[in-house]
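Notes for the structure review
Here are the chains, one letter per residue:
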Amino acid sequence: MRIAGSVVLVTGASSGIGAATAHRLAGAGARLVLHGRDADRLTAVAAATGGTALTVDLSGPAGARALARAAVEVAGQVDVLVSNAGRGWCGPLPAMTGAQVGEVVAVNLVSPIELTRALLPGMLARGHGRLVYVGSIAARTGVAEEAVYAASKAGVDGFAESLRFELAGTGLGVSVVVPGVVATPFFARRGRPYRRSLPRPVAPETVAAVIERMIVTGRAERHVPGWLAVPAALRVVAPSAYRWLAARFGGS
Ligand SMILES: NC(=O)c1ccc[n+]([C@@H]2O[C@H](COP(=O)([O-])OP(=O)(O)OC[C@H]3O[C@@H](n4cnc5c(N)ncnc54)[C@H](OP(=O)(O)O)[C@@H]3O)[C@@H](O)[C@H]2O)c1
């Protein structure tokens, strides 16, 4: 798919991976519709990339539907969705409130589903489009004290995998990028800094470059960094060995 001239909606573009993706895609000539929650940071990214800023809270399902409507209103259509907005939560499960569970699931899983539902009919009618979801290695390997976050991202995995089968032959592509650890404000916001030595944090620009490539090629999946595909695959083909190794070298 050609990025130049295509309308790309990037959620969570006010920070981290989303902001880096906005800059990357602006360089490739995309017409950007940029979503975030913090109006000041989002406006700054929009000003630097020539995008249109839409400020919406995605902690309820109505937010995603309102965002999809507003994006089509300002740009006429959406050719590519980069579903990136997300939030973490880290700590013992009993310490998590019901409201916090609801917010993590709403932002990370329900909103991508609702955005897709709203934008899909237009993409199908035009016969082309890309749906790119930012998942997480947490969904593939499990991470202690991030059970709800991991479950929300595993939901995205299952949703995207199924949708890819459903959309075969339509001209639409479905991609999931699976980052490990990315140097963004994500960890400060989830309430616990990242302390492990592996995987080493990558720059958000590295993930943005993978997202750009996925839009062009429609490739189904990429881990970032690529070696993370090994523990993810080991968990599937040799789960006992994976758990033995993870218990010794893993953790949150
Ligand atoms: N950083 C990592 O190590 C890592 C690893 C794997 C996967 N990921 C995933 O990558 C994606 C981007 O994360 P990031 O690392 O770039 O983190 P980030 O810098 O904290 O950015 C998160 C983005 O999501 C938006 N967002 C959060 N809650 C929202 C809500 N309730 N309504 C609307 N927007 C909301 C934020 O908007 P505001 O800033 O405007 O509030 C921000 O634009 C997330 O889906 C995350 O789960 C990150």
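As the structure is a computational prediction, the values presented were derived from the model and not from experiment. (Residues numbered from 1 in each chain as written. Predicted model: local features only at pLDDT ≥ 70, side-chain atom pairs only at ≥ 80, totals over all residues. Heavy atoms only, no water.)

The strand order across the open sheet built from seven strands is β3-β2-β1-β4-β5-β6-β7, with neighbouring strands paired in parallel fashion. The open sheet has two edge strands, β3 (52-55) and β7 (221-224), and neither has a second partner. Pairwise comparison of adjacent strand axes, ignoring direction, gives a mean angle of 15° for this sheet. Sheet topology places strand β6 (residues 172-179) next to β7; four bridges connect them, and they run parallel. Bridging from a neighbouring strand, Pro179 pairs with Val224 of β7. (Pairing = 2+ DSSP bridges. Helix = DSSP H or I, 4+ residues; strand = E, 2+ residues; numbered from the N terminus. Axes fitted to C-alpha atoms, helices over the stretch in contact; angles between N-to-C directions.)

Below, the discussion takes up the site of the ligand. With respect to spatial proximity, 33 residues lie near the ligand, and among them Ser14, Ser15, Asp38, Tyr149 and Thr184 are the closest. Between an oxygen atom of the ligand and a main-chain N or O atom of Asp38, the distance comes to 2.6 Å. Note that an oxygen atom of the ligand is positioned 2.8 Å from one of the side-chain N or O atoms of Arg189. Broken down by element, the residue count for the shell around the ligand peaks at three residues, all from helix α7 (residues 186-190). Grouping the amino acids of the shell around the ligand by side-chain chemistry returns 14 nonpolar, 13 polar and six charged. (Near = heavy atom within 4 Å. Polar contact = N/O pair within 3.5 Å; in protein donor to acceptor, adjacent residues only side chain to side chain. Nonpolar A, V, L, I, M, F, W, Y, C, P; charged D, E, K, R; others polar.)

Let's shift gears to helix α8 (residues 204-217). Its 14 residues place the ends of α8 20 Å apart at the C-alpha level, agreeing with the 20 Å of an ideal helix rising 1.5 Å per residue. The complete set of buried residues in α8 reads Pro204, Val207, Ala208, Val210, Ile211, Glu212, Met214 and Ile215. Those residues of α8 that are buried lie in contact with α1 (16-27), β4 (80-83), β5 (129-134), β6 and β7. Looking one or two residues past α8, Gly218 carries a phi angle of roughly 75°, positive in sign. (Expected span 1.5 Å × (residues − 1). Buried < 20%, exposed > 50% of the residue type's maximum accessible area, 1.4 Å probe, protein only. Contact = heavy atoms within 4.5 Å.)

Take the environment of Leu234 next. Locating Leu234 in the fold gives a position in helix α9 (residues 229-237). The class for Leu234 is partly exposed, based on a relative accessible area of 28%. The spacing of Leu234 and Ser175 is 59 residues in sequence and 22 Å in space, taken between C-alpha atoms. Setting aside anything within four residues of it in sequence, one finds Leu234 in contact with Pro239, Tyr242 and Leu245.

What follows covers the UniProt feature "domain: Ketoreductase" (unreviewed entry) in the protein chain. Under the present numbering, the feature "domain: Ketoreductase" (unreviewed entry) in UniProt falls on residues 6-185. Helix makes up 51% of residues 6-185 and strand makes up 18%, while its end C-alpha atoms are separated by 29 Å. (UniProt positions renumbered as here; feature names shortened; annotations may be inferred.)

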